[in-house]
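Single-letter residue listing:
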Amino acid sequence: MSKQFDVVVIGAGPGGYIAAIRAAQLGMSVACIDAWSNAKGGPAPGGTCTNVGCIPSKALLQSSEYYEHAGHHFADHGIEVKGLGLDLDKLISRKDTVVKQNNDGILFLFKKNKVTFFHGTGAFSGQVDGGWSIKVSGPAEEELVAKHVIVATGSSPRALPDLPFDEKQVLSNDGALAIGAVPKRLGVIGAGVIGLELGSVWRRLGSEVTILEAMPTFLPAADEQIAKEALKVLTKQGLKINLGVKISDVKSSAKNVTVKYTDAAGAEQSLVVDKLIVSIGRVPNTQGLNAEGVGLKLDERGFVVVDEDCRTGLPNVWAIGDVVRGPMLAHKAEEEGVAVAERIAGQHGHVNFNTIPSVIYTSPEISWVGQTEQALKTEGRAYKAGTFPFLANGRARALGDTTGMVKVIADAKTDEILGVHIIGPQASELISECVVAMEFRAASEDIARICHAHPSLSEAVKEAALAVDKRSLNF
Ligand code: FAD
Ligand code: NAI
């Protein structure tokens, strides 16, 4: 006998598990199916984000930053560290514990919200009376019937042609989060978010890191001024970033990996490294869903085709997160999950794509929301911009981290904030105020008139807003 649910969610990443919880909160009977297994074969809900993405990468970023501070910056504070050592096994197992806490947290939340969880792979069997028949296979074997289906199957790392990940020498994000010994020479292909974050982790732990990037510009999605500053700072820290390269050949042996490439000047180059991280973007997960069998439409790149409300072409079948268009970010997946659950319940769920923040957790952190200066120039929209350096912020001086700046961009006529770009300490936290301001369609003057605690890094946001009107007080 198949089990009946109002909503079946396929995938328990940040998109899927949040959609399941929200649907359950709204009074629906909900099941969530997830295939991810931990090392012992047990369920590990949370998807890429929890298992091999956001959470473990931030755990390693934190540990490696402490190590770098202890080795290089504590002395500035008069703190002497003698006999500093690295227990990599412990550092990695701490990361694994953090992941497990998050997996367990999601299982607890499912219980609390009465979401029925199935550990296995979900696939469409077909349309039946009362909705869609979904087959679960793997550890759990079930036949479910759902009035509504939410596809939240996420994404997987993209490999270079003819260079599959072996996770020993040629690493995806998965292997790059679990290297057993600090490699002397580490190569990274792709200077995107993963390349910069994980490249930073291993550089801090002692690797010589060389990043090869195909694009001639660094972080083209970021504001040019911020990207330029980021390139300067990260290079100074020791990341070797080569832009505009063309990879011609990669050979992996038991000992090392040799990457042949043409550099920006057109010269043939060869890089020999102990390990190679390939972080050149991700591909949507749709294999095993039986998408073709039920006519679930995919685009030419394999993403599930959806409208702006995450509706697929099939009745009562929705798709969210990395498996559909838009930025591959956990908080974007979550927002879509909430909105879809609310739409199924007859409410007016909404996602504002203009105010989805981006963060790169390097040190300094880089964050932004809204439009860049270069995009506004291309659009021909008149704007004013104000910047404020952390060098002039008292809290940043006290912290001993004065790198970077805040930049606020506002409409030239109305003063509405169009974008905020930050490189500096705690940029990931500082951007939230700017997202709130943009959601309320605030003017730069609104931020400038708000009382910010002193001394705090957030005063740099206020000062940048004041600078839009050329009246910053501390610079
Ligand atoms: P996923 O998290 O990929 O989850 C999909 C789940 O569905 C998986 O558990 C998968 O096993 C399961 N699944 C797939 N097919 C089936 C099936 N047929 N049946 C059952 N289960 C199935 N984003 C941020 O916002 N901030 C960050 O700091 C950040 N850091 C990252 C660091 C790294 C190294 C990586 C790789 C990614 C990072 N991301 C970050 C991106 C973020 O992880 C993704 O955007 C997010 O996980 C997408 O969520 P999702 O729910 O769409 O899919
Ligand atoms: P990415 O899209 O951020 O960067 C990939 C980079 O590889 C690009 O700069 C691209 O030009 C380059 N590239 C592509 N093909 C290449 C080739 N053949 N040779 C050399 N360079 C090549 O993708 P990444 O870093 O793999 O991350 C995947 C996704 O995960 C991102 O979309 C991001 O949204 C998400 N993520 C988010 C994080 C965050 O929010 N802090 C952290 C890590 C990942």
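Residues numbered from 1 in each chain as written. Chains lettered and ligands numbered in written order. Predicted model: local features only at pLDDT ≥ 70, side-chain atom pairs only at ≥ 80, totals over all residues. Heavy atoms only, no water.

Engineer: Explain the UniProt feature "domain: Pyridine nucleotide-disulphide oxidoreductase dimerisation" (unreviewed entry) in the protein to me, and be specific about the residues and the numbers.
Structural biologist: Under the local residue numbering, the UniProt record ascribes the feature "domain: Pyridine nucleotide-disulphide oxidoreductase dimerisation" (unreviewed entry) to residues 356–465. Segment residues 356–465 splits into 36% helix and 28% strand. End C-alpha atoms: 20 Å apart. (UniProt positions renumbered as here; feature names shortened; annotations may be inferred. Helix = DSSP H or I, 4+ residues; strand = E, 2+ residues; numbered from the N terminus.)

Engineer: Go over the pairing of strand β10 (residues 208–212) with me, naming the residues and quoting the values.
Structural biologist: Of all 5 residues making up β10, 4 are buried, and the element is well covered by its neighbours. For strand β9 (residues 185–189) and β10, the ladder comprises 5 bridges, and the chain directions are parallel. Bridge assignment links V188 to a residue of β10, and that residue is I211. Following the backbone out of β9, through helix α6 (residues 193–204) and into the adjacent parallel β10, one traces a crossover that is right-handed. In the sheet, β10 pairs with strand β11 (residues 240–242) via 3 bridges, with the strands oriented parallel. Bridge pairing in β11 links T210 to K240. In the classification by handedness, the crossover that spans β10, the intervening helix α7 (residues 224–237) and the parallel β11 is right-handed. (Buried < 20%, exposed > 50% of the residue type's maximum accessible area, 1.4 Å probe, protein only. Pairing = 2+ DSSP bridges. Right-handed = clockwise from strand over helix to strand, strands pointing away.)

Engineer: For a nonpolar patch on the surface, give the residues involved together with the corresponding values.
Structural biologist: Side chains of I79, V81 and L84 sit close together on the surface and give an oily, nonpolar patch of about 220 Å² of accessible area. Tracing the backbone through its elements, the reader meets I79 in the loop between α3 (54–73) and α4 (88–112). By relative accessible area, I79 is classed as partly exposed at 42%. (Patch = residues over 30% accessible without salt bridge, like charges linked within 9 Å, V, L, I, M, F, W, Y side chains within 5 Å. Areas by Shrake-Rupley, 256 points an atom, 1.4 Å probe, with all protein chains shown as cover. Salt bridge = Lys/Arg side-chain N within 4 Å of Asp/Glu carboxyl O.)

Engineer: Now, about the site of ligand 1: what can you tell me, with residues and values included?
Structural biologist: In the vicinity of ligand 1, 37 residues are found, and the nearest of them are D34, T48, K58, G122 and D322. G122 places a main-chain nitrogen or oxygen 2.8 Å from a nitrogen atom of ligand 1. Between ligand 1 and the protein, one listed contact pairs an oxygen atom with a backbone N or O atom of A330 at 2.8 Å. Notes on ligand 1: free accessible area 1,000 Å², of which the protein chains cover 92%. Listing elements by their share of the shell around ligand 1, those giving two or more residues are α1 (14–25), β2 (30–34), α2 (47–52), α3, β4 (121–128) and α9 (330–344). Examining the composition of the shell around ligand 1, we find that 4 residues originate from one element, α2, more than from any other. Residues belonging to the shell around ligand 1 are distributed by class as follows: 16 nonpolar, 17 polar and 4 charged. (Near = heavy atom within 4 Å. Polar contact = N/O pair within 3.5 Å; in protein donor to acceptor, adjacent residues only side chain to side chain. Nonpolar A, V, L, I, M, F, W, Y, C, P; charged D, E, K, R; others polar.)

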